[in-house]
Amino acid sequence: MTSRFTELVVDCHDPERLAAFWCAVLDFKVIDRSEDKVEIGSWEPTVEEVRARQMPPTLMFIRVPEGKTVKNRLHLDVSPIDGSTDDEVARLLALGATKADLGQDPGRSWVVMADPEGNEFDVLRTLAPTNYITGPKG
């Protein structure tokens, strides 16, 4: 008997706004929504696919009345796949993210950021091929 990790739930004030932000960050799409909830993912889960194999979890944003008050105990890490880490940080800032200072060591290899509602996440090293970052040689 086993379980599958199927979704990660984020409590928030504005599910539509956060879902739109994370769709832009991760190239996800909205797969379900209701008045107080928006679910996004890279695929639309079916019972058969979930039972057959572990698939990437979806993100679900649920409206709650209280605000965020302390550092997250759980956070997402993202890795750019088609540009440098610095380029990705600039893109995320333009989408509405902010840089976050949690007292981290300035020599770290990642960048701590926060989404539009203050939820922390890390931008890790790039996964893009070196020649992709510097541009194709022609």
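These numbers were taken from a predicted model, which means no experiment stands behind them.

## A word on the pattern of salt bridges
Side chains that differ in sign of charge can pair as their charged atoms come close.
Point 1. Tallied over the full model, the rule gives six salt bridges.
Point 2. The residue Asp-36 makes a salt bridge to Arg-63 at a minimum N-O spacing of 2.8 Å. You can see Asp-36 sitting in the loop between strand E2 (29-34) and strand E3 (37-41) and its partner Arg-63 sitting in strand E4 (residues 58-63), a full 27 residues away along the chain.
Point 3. On the accessibility criterion, Arg-63 (36% relative accessible area) is partly exposed.
Point 4. Across the pair Glu-49 and Arg-53 runs a salt bridge whose closest N-O atoms are separated by 3.7 Å.

## Quick notes on the sheet that holds E3
Point 1. Taken in spatial order, the four strands line up as E1-E4-E3-E2 in an open sheet, and their pairing is mixed. Every interior strand has two partners, whereas the edge strands, strand E1 (7-12) and E2, have only one. Across the sheet, the mean angle from the axis of one strand to that of its neighbour is 20 degrees, orientation sign disregarded.
Point 2. The sheet strands contacting helix H1 (residues 15-26) are E1, E2, E3 and E4, and the helix crosses E4 at an angle near 160 degrees.

## Digging into the UniProt feature "domain: VOC" (unreviewed entry) in the protein
Point 1. Using the residue numbers shown here, the UniProt feature "domain: VOC" (unreviewed entry) corresponds to residues 4-126.
Point 2. Along residues 4-126 one finds 24% helix and 29% strand; the C-alpha atoms at either end are 28 Å apart.

## Let's talk about the side chain of Glu-120
Point 1. Note that Glu-120 resides in strand E8 (residues 120-123).
Point 2. Separated by 3.1 Å, the side chains of Glu-120 and Lys-68 make a polar contact.
Point 3. Polar contacts involving the side chain of Glu-120 include one to the main-chain amide nitrogen of Asn-72, which spans 2.9 Å.
Point 4. With sequence-adjacent residues up to four places away left out, Glu-120 is seen in contact with Lys-68, Lys-71, Asn-72, His-75, Leu-76, Leu-102, Met-113 and Ala-114.

What counts as what
- Residues numbered from 1 in each chain as written.
- Predicted model: local features only at pLDDT ≥ 70, side-chain atom pairs only at ≥ 80, totals over all residues.
- Heavy atoms only, no water.
- Salt bridge = Lys/Arg side-chain N within 4 Å of Asp/Glu carboxyl O.
- Helix = DSSP H or I, 4+ residues; strand = E, 2+ residues; numbered from the N terminus.
- Buried < 20%, exposed > 50% of the residue type's maximum accessible area, 1.4 Å probe, protein only.
- Pairing = 2+ DSSP bridges.
- Axes fitted to C-alpha atoms, helices over the stretch in contact; angles between N-to-C directions.
- Contact = heavy atoms within 4.5 Å.
- UniProt positions renumbered as here; feature names shortened; annotations may be inferred.
- Polar contact = N/O pair within 3.5 Å; in protein donor to acceptor, adjacent residues only side chain to side chain.

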